[in-house]
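Fold and contact review
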Amino acid sequence: MINAKDVIIACDFPSAEATFEFLDKFKDEQRKPFLKIGMELYYAAGNEVVREIKRRGHKIFLDLKLHDIPNTVRKAMKVLSALDVDMVNVHASGTVAMMRAALEGLTREDGSRPLLIAVTQLTSTSEQTMREELLINASINDTIARYAANAKEAGLDGVVCSPLEASLVKEACGNDFMTVTPGIRFADAKADDQVRITTPAKAREIGSDYIVVGRPITAADNPVAAYRRCVEEFLGE
Ligand code: C5P
């Protein structure tokens, strides 16, 4: 599955009911969308919603961004691996040792495991905040390239980053290292609160492997049509 390209819909809903109301619109679609479940939905609806979505045949990126001591992350990942999700993530700032532990915890007895990616620097953190609050003097780009290289060293499959950083990551870590990129908007749409954005077609051009798309699909008048448009622009299907 590594280097497969796909569109992931961010299911940023407050409850299982709202999620299934949305997913019911896709019932007759041939292509089952790959879905991202983040903290909001997971903390509200827990493993039950994950299992039901898997039962309906969707792939799941469980976006919980783990960051703790290696032993705790190893054990937590073991639990998530048993849920049979397809992709999970950690913060790269948790260190190479923590990322290695995450990978160990995720790997099942038969050697299979979900994809594991790392958040480098959150796009909400500015260079000024890094310098003044976190006492990190390196530039954002240097930090992203180094954190991505750390994730690669730990054996991870890739990173979450802005599409505008995807080529930087590919340069630092090679083309096989996956980039999963939010911040996607159609050329004719509003940006919402996203700042560094690009279109599905441009994201593909600059090296995204998976695009994560929330409101352009979930808040569209016709979410199925918006999803199809994303797939067409990103995958050319
Ligand atoms: O609605 P929108 O397309 O902006 O949703 C993007 C999704 O990607 C949200 O779930 C958001 O939390 C997530 N995300 C992001 N930027 C990051 C990391 C994650 O927008 N740097």
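Just so you know, these numbers come straight off a predicted model, no measurement behind them.

Attention shifts here to the overall build of the protein chain. Counting its regular elements, the protein chain contains ten helices and eight strands. Over its C-alpha atoms the protein chain spans a radius of gyration of 17 Å, differing by no more than 12% from the 18 Å that the globule rule assigns to 237 residues. Based on the C-alpha atoms only, the size of the protein chain along its principal axes is roughly 45 × 40 × 30 Å. Taking all 237 residues of the protein chain together, 49% fall into the buried category. Within the protein chain, contacts between residues at least 6 apart in sequence are counted, and of these 69% link residues at least 24 apart. Total accessible area on the protein chain is roughly 11,300 Å²; 48% of this is exposed by carbon and sulfur atoms. The centroid of the 30 positive side-chain charges in the protein chain is displaced by 3 Å from the centroid of its 35 negative side-chain charges.

This part takes up the nonpolar core. By size, the foremost hydrophobic cluster in this structure holds 62 residues, and its most contacted members are L62, M77, V90 and I217. Tallying contributions element by element places helix α10 (residues 223-235) first for this core, with seven residues. Residues I8, A10, V160 and M178 belong to the second largest nonpolar core, which totals 13 residues.

Right, let's get into the sheet that holds strand β4 (residues 87-91). Spatial ordering of the closed barrel is given by β1-β2-β3-β4-β5-β6-β7-β8, a layout of eight strands whose pairing is parallel. Each neighbouring strand pair of the sheet contributes to a mean axis angle of 25°, computed without reference to strand direction.

Attention shifts here to the pattern of salt bridges. Applying the stated criterion across every chain, the model contains 24 salt bridges. Where E104 meets R74, a salt bridge forms, and the shortest distance between an N and an O atom there is 2.9 Å. Of the two residues, E104 is situated in helix α4 (residues 96-106) and R74 in helix α3 (residues 70-82); the sequence distance between them amounts to 30 residues. According to the relative accessible area criterion, R74 is partly exposed, its value standing at 29%. A salt bridge links K202 to E205; the shortest N-O distance between them is 3.3 Å. On the criterion of helical spacing, the pair formed by K202 and E205 is a turn pair, its members being three residues apart in helix α8 (residues 200-205). A residue is classified by how much of its surface remains accessible, and K202, at 37% relative accessible area, is partly exposed. Residue E205 is classed as exposed on the basis of its relative accessible area, which comes to 61%. The structure contains a network of salt bridges with shared partners spanning D24, K27, E52, R55 and R56.

The rules behind each value
Residues numbered from 1 in each chain as written. Predicted model: local features only at pLDDT ≥ 70, side-chain atom pairs only at ≥ 80, totals over all residues. Heavy atoms only, no water. Helix = DSSP H or I, 4+ residues; strand = E, 2+ residues; numbered from the N terminus. Rg over C-alpha atoms; globule rule 2.2 N^0.38 Å. Buried < 20%, exposed > 50% of the residue type's maximum accessible area, 1.4 Å probe, protein only. Contact = heavy atoms within 4.5 Å. Areas by Shrake-Rupley, 256 points an atom, 1.4 Å probe, with all protein chains shown as cover. Lys, Arg positive; Asp, Glu negative; His and termini not counted. Charge placed at Lys NZ, Arg CZ, Asp CG, Glu CD. Core = buried A, V, L, I, M, F, W, Y, C linked by side-chain atoms within 4.5 Å. Pairing = 2+ DSSP bridges. Axes fitted to C-alpha atoms, helices over the stretch in contact; angles between N-to-C directions. Salt bridge = Lys/Arg side-chain N within 4 Å of Asp/Glu carboxyl O.

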